[in-house]
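Coordinate analysis (summary)
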Amino acid sequence: MKKKLYSIITCAMLVTSTLPVHATGYPVFDISGWLTAIDQLYTQYDMVMNTITQIENQYQQIQQAVERAKSIDWENISFDGDWDIRNDIKDANKRVNSLLNQTKQIQNTLTSPNIDCGNGRYSLADLCGMGSPDHNFFTACKDIETYMTDSMKFSIDAIEGSLSEKQKQLIWRKYGISPKNYLFVQQSVAQVKTQAAKLIAKASEEAARLKREHQISKTNAILQAAYSQTDSNGNMTEAAANEASLYLSQQVIDGLMTLEEAMNEMASLSAARMVNEENEKQAQADEMAAEQKKQEAFDNKVPDSFRK
């Protein structure tokens, strides 16, 4: 994590324009936008997972059709030439298992805790509010911020030292917080966003592979027969089944792209919220310092005779 910290600091200043700013120059947290972003992230993840479940259910139905074909006594049936339907059955079983495994792999990429937040690990499901009840995108950012505050103070000090005085003054004027605290916020959000983007890209590659494997599976005679069977309502033709599978696979790919867009919006708003919290802490500290200074000034004016 420490190596990544240096590699992305150069772009930290570029994202400042995405934070909502009050007329005084300090950020204001957009509650309405925050709630909307949470809802969009949750809904988009739910849509992706529901689509994957539909694909899985369809392949399980196809698997049942293959199993029925396996139960036929092919030993008493003669075949012309070298062609043996038992070979197609074995191939069909292998292919449908591969499709189911590929579907599971996409699910695992979304639900496994592969995002390192320093003192804990998160999954994409967690970031979207669909995993552990106390885990979400914002808590992931806060966990990384805490980790960096405890373990990477010297690294942040070094990065802060590389900023020009003009850059430091700009941060103070625009956000009302110290450059160091600003860097902690930006880096923690960037860490979550970067790791999430890599997992979404991995899931997208897996979905594209699922689509390709489905297209290849259609060359198998047994699977063609399985696709041609009707469903429980008697209304799925071979063309409909193939079209549905390909459509659902593409829906997963498209849904993951939209999920990443929702994740980027959440990253921007999380940064805004964290900066706003730091601004409030700084304002309270300034107020306490001002009160203490006033008290000290008052005490200095009180004659010694009144203090006895």
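Up top is the structure these notes are about.
Anyway, here's the lowdown on the structure attached to this text. (Residues numbered from 1 in each chain as written. Predicted model: local features only at pLDDT ≥ 70, side-chain atom pairs only at ≥ 80, totals over all residues. Heavy atoms only, no water.)

1. Quick notes on the pattern of salt bridges
Stated formally: Salt bridge criterion: a side-chain nitrogen from Lys or Arg within 4 Å of a carboxyl oxygen from Asp or Glu. Only runs of H or I of at least four residues qualify as helices and only runs of E of at least two qualify as strands under DSSP, and these elements are numbered from the N terminus. Under the scheme applied here, a residue whose accessible area is under 20% of the maximum for its type counts as buried, over 50% as exposed, and between as partly exposed, the area being computed with a 1.4 Å probe on protein chains only.
A full pass over the atoms with the stated rule returns eight salt bridges. Residue Glu 145 pairs with Lys 142 through a salt bridge whose shortest N-O separation is 3.2 Å. Of this pair, Glu 145 and Lys 142 are both found in helix α5 (residues 137-151), three residues apart, which corresponds to roughly one turn of the helix. Accessibility expressed as a relative area gives 21% for Lys 142, which makes it partly exposed. The closest approach of N and O atoms between Glu 213 and Arg 209, which form a salt bridge, is 2.9 Å. Here the residue Glu 213 and the residue Arg 209 both occupy positions in helix α8 (residues 179-217), the gap between them amounting to four residues, near one helical turn. We classify Glu 213 as buried; its relative accessible area is 17%. Among the charged side chains, a network of salt bridges with common partners joins Lys 142, Glu 145, Arg 273 and Glu 277.

2. Observations regarding the nonpolar core
Here is a general trend for soluble globular proteins: nonpolar side chains tend to be buried in one another's company. Worth spelling out the cut-off: Definition used in this section: a nonpolar core is a set of buried Ala, Val, Leu, Ile, Met, Phe, Trp, Tyr and Cys residues joined via side-chain atoms within 4.5 Å. Pairs of residues are marked as contacts when any of their non-hydrogen atoms sit within 4.5 Å.
Ranked by internal contacts, the top residues of the largest apolar core, which has 67 residues, are Leu 110, Leu 124, Leu 127 and Met 263. Looking at this core, the element that brings in the most residues is helix α10 (residues 238-301), giving 13 residues. Excluding anything up to four places from it in sequence, Leu 124 contacts Tyr 45, Thr 109, Leu 110, Ile 115, Ala 196, Leu 199, Ile 200 and Met 263.

3. Quick look at the packing of aromatic side chains
Applied cut-off: Under the pairing criterion, centres of Phe, Tyr and Trp rings, with the six-membered ring standing for Trp, must be within 6.5 Å; the plane angle then separates stacked pairs below 30 degrees from edge-to-face pairs above 60, leaving the rest tilted.
On inspection of all chains with the given rule, the structure shows two aromatic pairs. With centroids separated by 5.7 Å and ring planes inclined at 85 degrees, the aromatic side chains of Trp 34 and Phe 138 adopt a geometry described as edge-to-face. Placement of the pair is Trp 34 in helix α2 (residues 31-70) and Phe 138 in helix α5, with a sequence separation of 104 residues. On the basis of relative accessibility, which here comes to 9%, the residue Phe 138 falls in the buried class. Consider the rings of Tyr 175 and Tyr 182, whose centres lie 5.2 Å apart with planes at 20 degrees: the pair is stacked.

4. A short note on the side chain of Ser 270
Inspection of the secondary structure puts Ser 270 in helix α10. Excluding residues that lie within four positions of it along the chain, Ser 270 makes contacts with Trp 34, Phe 137, Phe 138, Cys 141 and Val 189.

5. Focus on helix α7 (residues 165-175)
Here is the rule: The arc in question is traced by the directions running from the helix axis to the C-beta atoms.
Turning to α7, its buried residues are Lys 168, Ile 171 and Tyr 175. Taken end-on, α7 shows its buried residues confined to a sector of 70 degrees, consistent with a single buried face. Structural note: α7 exposes Glu 165, Lys 166 and Arg 173 on the side pointing more than 90 degrees away from its buried face. Positive backbone phi, at 70 degrees, marks Gly 176, one or two positions downstream of α7.

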